[in-house]
Amino acid sequence: MTDLKIEIYPDRAALIARSLNLVVDCMNRAIAERGTCSIALAGGSTPKPLYEALAKANLPWSQVQIFWGDERYVPADHADSNAGMAKAAWLDRIPIPADNVHMVPTDYEQPAEAASQYEQTLRQVLGDATWPVMDISLLGMGDDGHTASLFPHTAALSVSDRLVTVGDKGETPRITFTAPFINKSRHVVFVVAGQNKQTALAQVFAAEANEAAYPSRKIQPEGELWWLLDAAAGEPLKEHPQASCF
């Protein structure tokens, strides 16, 4: 059963401050318990200030393994690259071993080949169980209810036998974790901001709604599920029984 926590903060600055504290706490707990921490990063604009703050954190970076929950099929130096953003904001500013940063390959002729290769990398680092476990999966949510690159009414939503697949947004391919793999995470942390997310959030938490239309509904991990929201996004959830407003 998913351990759900919803926290609503007055503005983005408070949201990012709480996100930083939670992520650092989860990382320290993983390292204390298992000697290492695996974390999958989100793209988009919302987590950038979180990454900038993490660049100043005092953590044993040699014990941290970095992955990406999804990636646009562009080179790492492209302006749209999730990896490129995280490297500039965070990873290039800390003493983390290069071998601990596992970027999604985007240089294969076919994106499906890249997805297969990234799955192999995940298994090599996390262990070759049927479903390896990520310590922390950071996620955002689009105003259409998508998360990672699991977009509404796309084939990626039905993939249940792989860790990684191709997620399509129109004509643009992406590489994405599958929902079942995300759901094996010990901690899933959504960081969501903006009034434009209200309609989707209301559907994600509705008693009944279509998972294919609002893919974030599919994220129900076996571990902890945190929804960290600013007040603009979290308005529809203020009265939710598991919501705390700060």
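Rules behind the numbers
In this numbering scheme, every chain counts its residues from 1 along its sequence in written order. Confidence filtering applies because this is a predicted model: local features only for residues at pLDDT of at least 70, side-chain atom pairs given and counted only at 80 or more, and all residues used for totals across whole chains, interfaces and linings. Side-chain figures throughout are based on the complete set of non-hydrogen atoms in the structure, without hydrogens or water. Going along the chain from the N terminus, every DSSP run of H or I of four or more residues is numbered as a helix, and every run of E of two or more is numbered as a strand. Atoms considered for the radius of gyration are the C-alpha atoms alone. The globule rule reads 2.2 Å times the number of residues to the power 0.38. Residues count as neighbours in contact if any of their non-hydrogen atoms are within 4.5 Å of one another. By the counting scheme adopted, Arg and Lys are positive, Glu and Asp are negative, and His together with the chain ends is not counted. Positions of charges follow a simple convention, taking NZ of Lys, CZ of Arg, CG of Asp or CD of Glu. Here, the term disulfide refers to a pair of cysteine sulfur atoms separated by no more than 2.5 Å. Three exposure classes are used, based on accessible area relative to the maximum for each residue type with a 1.4 Å probe and protein chains only: buried under 20%, partly exposed in between, and exposed over 50%. Two strands pair if DSSP finds at least two bridges between them. To qualify as a nonpolar core, a set must consist of buried Ala, Val, Leu, Ile, Met, Phe, Trp, Tyr and Cys residues joined through side-chain atoms within 4.5 Å. We call two N or O atoms a polar contact when they sit within 3.5 Å, provided that within protein one can donate a hydrogen and the other can accept it, with sequence-adjacent residues counted only if both atoms are side-chain atoms. Here, expected helix span is obtained from the residue count minus one, scaled by 1.5 Å. Fitted lines through C-alpha atoms serve as axes, helices being fitted only where they are in contact, and the angles separating the N-to-C directions of these axes extend from 0 to 180 degrees. The salt bridge definition used is simple: a Lys or Arg side-chain nitrogen within 4 Å of an Asp or Glu carboxyl oxygen. Note on ring pairs: Phe, Tyr and Trp rings are taken, using the six-membered ring of Trp, and paired if centres are within 6.5 Å. Classes follow the plane angle, with under 30 degrees stacked, over 60 edge-to-face and the rest tilted. Only when the NZ atom of a Lys or the CZ atom of an Arg is both within 6 Å of the ring centre and within 35 degrees of the ring normal do we say a charge sits over the ring.

A. Molecular detail of the overall build of the protein chain. The secondary structure content of the protein chain amounts to seven helices and ten strands. Over its C-alpha trace the protein chain gives a radius of gyration of 17 Å, about what one expects of a compact globule, namely 18 Å for 246 residues. The principal-axis extents of the C-alpha atoms in the protein chain amount to approximately 45 × 40 × 35 Å. Summarising the internal contacts of the protein chain: among those between residues at least 6 apart in sequence, 77% fall at separations of at least 24. The protein chain carries 20 positive and 30 negative side-chain charges, and their two centres are separated by 4 Å.

B. How the structure looks around the state of the cysteines. Here the structure, examined in full by the defined rule, presents zero disulfides. No disulfide involves Cys26; its sulfur sits 8.1 Å from that of Cys37, the nearest cysteine. By relative accessible area, which is 0% here, Cys37 ends up buried.

C. How the structure looks around the pairing of strand S6 (residues 164-169). Alignment of S6 against strand S7 (residues 172-177), held across six bridges, turns out to be antiparallel. Residue pairing in the sheet places Thr165 in a bridge with Thr176 of S7. Hairpin connection between S6 and S7: a loop of two residues separates the two successive antiparallel strands, and Gly170 in this loop has a positive phi of roughly 65°.

D. Local environment of the nonpolar core. Ranked by size, the top nonpolar core spans 79 residues in total, and within it Leu41, Tyr51, Trp68, Trp90, Leu138, Phe177 and Trp227 carry the most contacts. Sort the elements by how many residues they give to this core and helix H1 (residues 12-34) lands first, with nine residues.

E. Structural detail: helix H3 (residues 82-89). Across the eight residues of H3, six count as buried, placing the element largely inside the fold. Every buried residue of H3 is accounted for by Asn82, Ala83, Gly84, Met85, Ala86 and Ala89. Check the buried side of H3 and you find it contacts strand S2 (37-41), helix H2 (48-54), strand S3 (64-68) and strand S4 (70-72). Two to three positions downstream of the cap, the backbone nitrogen of Ala83 sits 3.3 Å from a side-chain oxygen, assigning the N-cap of H3 to Ser81.

F. Structural context of H1. Over its 23 residues, H1 extends 32 Å from the first C-alpha to the last, a length consistent with the 33 Å expected when each residue adds 1.5 Å. Listed as buried for H1 are Leu15, Ile16, Ser19, Leu22, Val23, Val24, Cys26, Met27, Ala30 and Ile31. The N-terminus of H1 is capped by Asp11, whose side-chain oxygen sits 3.3 Å from the backbone nitrogen of Ala13. A positive phi of about 80° marks Gly35, the residue just after H1.

G. Region of interest: the environment of Lys48. Its location among the elements puts Lys48 in helix H2. The sequence separation of Lys48 and Ala89 amounts to 41 residues, and the corresponding C-alpha distance is 6.7 Å. Those residues in contact with Lys48, other than ones at most four positions away along the chain, are Met85 and Ala89.

H. Spatial organisation of the sheet that holds strand S8 (residues 187-192). On the basis of which strands lie adjacent, the open sheet formed by seven strands has the order S3-S2-S5-S8-S9-S1-S10 and parallel pairing. Here the strands that pair on one side only, and so sit at the sheet edges, are S3 and strand S10 (243-245). Averaged over all neighbouring strand pairs, the angle between strand axes comes to 20°, with direction disregarded. Sheet strands touched by H1: strand S1 (3-9), S2, S3, strand S5 (136-139), S8 and strand S9 (224-230). Its angle to S9, the strand with the most contacts, is close to 160°.

I. Inspection of the pattern of salt bridges at higher detail. In this structure the tally under the stated criterion is 15 salt bridges. With a closest N to O distance of 3.5 Å, Lys218 and Glu211 form a salt bridge. Several salt bridges share partner residues, and in doing so they unite Glu33, Arg34, Asp135 and Arg186 into one network.

J. Just the sheet that holds S4, in detail. Spatially, the three strands line up as an open sheet ordered S4-S7-S6, and their pairing is antiparallel. Of all the strands in the sheet, the pair left with one neighbour each is S4 and S6. Averaged over neighbouring strand pairs, the angle between their axes works out to 25° when direction is ignored. Here three bridges tie S4 to S7, and the two strands are oriented antiparallel to one another. Residue Glu71 lies in a different strand from S7, and its bridge partner there is Ile175.

K. Representation of the packing of aromatic side chains in the model. Tallied over the full model, the rule gives seven aromatic pairs. Between Tyr9 and Phe246, the aromatic rings sit 4.7 Å apart at their centres with planes inclined by 5°, giving stacked as the arrangement. Linking Tyr9 in strand S1 with Phe246 in the segment after S10, this pair joins segments that are 237 residues apart in sequence. Take Tyr9: its relative accessible area is 9%, and that puts it in the buried class. Ring-pair connections join several aromatic residues into one group, and the members of that group are Tyr51, Trp61 and Trp90. Lying over the aromatic face of Trp226, Lys5 brings its terminal NZ or CZ to 4.9 Å of the ring centre.

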